[in-house]
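Chain and residue survey
So the chains spell out like this:
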Amino acid sequence: MAMTKTLSMISRTGRDLQRYNDGCRQVVGCIPYRYRKTNQSSTVQGTQIDDLEFLLISSQKSPRWMFPKGGWETDEALEDAALRETFEESGVIGEVEVHEFLGTWNFKSKSQGTFHEGHMFPLLVTDELDDWPEKTVRKRLWLKFSEAREVCWHSWMKEALDVFASKLTKRNKEEEEPQTCAFDELSYEQTIGAVSDPMFCVEPRISIEANDLTCEELRISLVVKKQQ
């Protein structure tokens, strides 16, 4: 989902609109990433985890590194909150990959002593801005996967990063699997049934291009012959 709403240079504050679920504060965040070599789309075949860089931000109160996240409020959809929080804290915009939702984690805030539910998405970065709402209180750091996982402070965010890597590996495996040829038996039977004249029969014959047995060049031809 691309950012369509006007971006505010003032971060939202307060808890008046904060969502809760059975007493758990609802937060949402993103794992911002980009391609290291070329500006490719997120559907490029064969992309490896080391082809990517991930953006972490510093905490406001400590030198700890983490992915951007914040409160999900009642006047916005989950993915809109993810976009807003990512922009406010890290100054990047892009596409929240809703179809690649990473999951929900339950954790306890050590600073606040309250329980939270954290929802995480990948975000393919399309633009990195020089100015953003929390520029004066946060730093940005682009790292490779192994480095990002090592410095990320929150264990649940590391798990979200692992899920991202697993999804990428699974997608690559599916793309590499060879195609198989399967004939539609129902269509074939319907074709035979269409020949109602008892004086005719249908004989299936496979026609293959010379010296090439690829699935794309395999054809089924139906030859109607008059019975003797």
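See the structure above.
Before going into details, it helps to say that this report is about the structure given with it. For clarity, every value in this text was computed on a predicted model and none was experimentally measured.

The secondary structure content of the protein chain amounts to four helices and eleven strands. The 228 residues of the protein chain split such that 37% are buried. Within the protein chain, residue pairs in contact and separated by at least 24 positions form 66% of the contacts whose partners lie at least 6 positions apart. Carbon and sulfur atoms make up 50% of the accessible area of the protein chain, which amounts to about 14,100 Å² in all.

If a probe the size of a water molecule is rolled over the atoms, the empty space left behind becomes visible. Considering all chains together, one arrives at one cavity of 30 Å³ or more under this definition. In this model, the largest cavity occupies a volume close to 120 Å³. The leading source of residues in the lining of the largest cavity is helix α3 (residues 155-176), at four residues. Within the lining of the largest cavity, the residues separate by chemical class into seven nonpolar, one polar and four charged.

As a further point, take the environment of Asp22. Mapped onto the elements, Asp22 comes out in the loop between β1 (20-21) and β2 (24-35). What makes Asp22 exposed here is its relative accessible area of 78%. C-alpha of Asp22 to C-alpha of Phe115: the two residues are 93 residues apart in sequence and 9.9 Å apart in space.

Bringing the side chain of Glu97 into the picture now. Note on placement: Glu97 falls in the loop between β6 (92-96) and β7 (103-108). It turns out Glu97 is buried and unbridged, and the closest side chain with the opposite charge, Arg171, is 5.9 Å from it. Reaching out from Glu97, the side chain makes a polar contact with the side chain of Tyr33 at a distance of 2.7 Å.

Attention now moves to the packing of aromatic side chains. Tallied over the entire structure, the rule returns eight aromatic pairs. Considering the side-chain rings of Phe54 and Phe145, the 6.2 Å spacing of their centres and the 65° angle between planes classify their relative orientation as edge-to-face. Separated by 91 residues along the polypeptide, Phe54 in strand β3 (residues 52-58) and Phe145 in helix α2 (residues 145-151) bring together distant segments of the chain. Residues Phe54 and Phe145 agree in their burial class; the two are buried. Ring centres of Phe54 and Phe164 lie 5.5 Å apart, and the angle between their planes is 90°; on these two criteria the pair is classed as edge-to-face. Of this pair, Phe54 sits in strand β3 while Phe164 sits in helix α3, and the two are 110 residues apart along the sequence. Like Phe54, the residue Phe164 is buried in the burial classification. Put simply, the rings of Tyr33, Tyr35, Phe54, Phe145 and Phe164 touch in pairs and so form one group of aromatic residues.

With that settled, consider the environment of Asp80. Tracing the backbone through its elements, the reader meets Asp80 in helix α1 (residues 78-90). Placed 52 residues apart in sequence, Asp80 and Val28 show a C-alpha to C-alpha distance of 9.7 Å.

In this structure, Ile31, Ile49, Leu52, Phe54, Phe67 and Met120 are the most contacted members of the largest nonpolar core, which totals 28 residues. When residues of this core are traced back to their parent elements, those giving at least two are β2, β3, β4 (65-66), β7, β8 (115-128), α2 and α3. In contact with Ile31, not counting residues within four places along its chain, are Phe54, Phe67, Leu102, Met120, Phe121, Pro122, Leu123, Ala160 and Leu161. Ranked by size, the runner-up nonpolar core spans 14 residues in total, among them Ala81, Ala82, Val125 and Trp142.

What counts, and at which threshold
- Residues numbered from 1 in each chain as written.
- Predicted model: local features only at pLDDT ≥ 70, side-chain atom pairs only at ≥ 80, totals over all residues.
- Heavy atoms only, no water.
- Helix = DSSP H or I, 4+ residues; strand = E, 2+ residues; numbered from the N terminus.
- Buried < 20%, exposed > 50% of the residue type's maximum accessible area, 1.4 Å probe, protein only.
- Contact = heavy atoms within 4.5 Å.
- Areas by Shrake-Rupley, 256 points an atom, 1.4 Å probe, with all protein chains shown as cover.
- 1 Å grid on protein atoms, 1.4 Å probe; cavity = no way out; pocket = protein on both sides within 12 Å on 5 of 7 lines; lining within 4 Å.
- Points joined across faces, edges and corners; volume = space filled by probe spheres on them.
- Nonpolar A, V, L, I, M, F, W, Y, C, P; charged D, E, K, R; others polar.
- Lys, Arg positive; Asp, Glu negative; His and termini not counted.
- Salt bridge = Lys/Arg side-chain N within 4 Å of Asp/Glu carboxyl O.
- Polar contact = N/O pair within 3.5 Å; in protein donor to acceptor, adjacent residues only side chain to side chain.
- Phe/Tyr/Trp six-rings, centres within 6.5 Å; stacked < 30°, edge-to-face > 60°.
- Core = buried A, V, L, I, M, F, W, Y, C linked by side-chain atoms within 4.5 Å.

Purely geometric stuff here, so don't read any function into it on its own.
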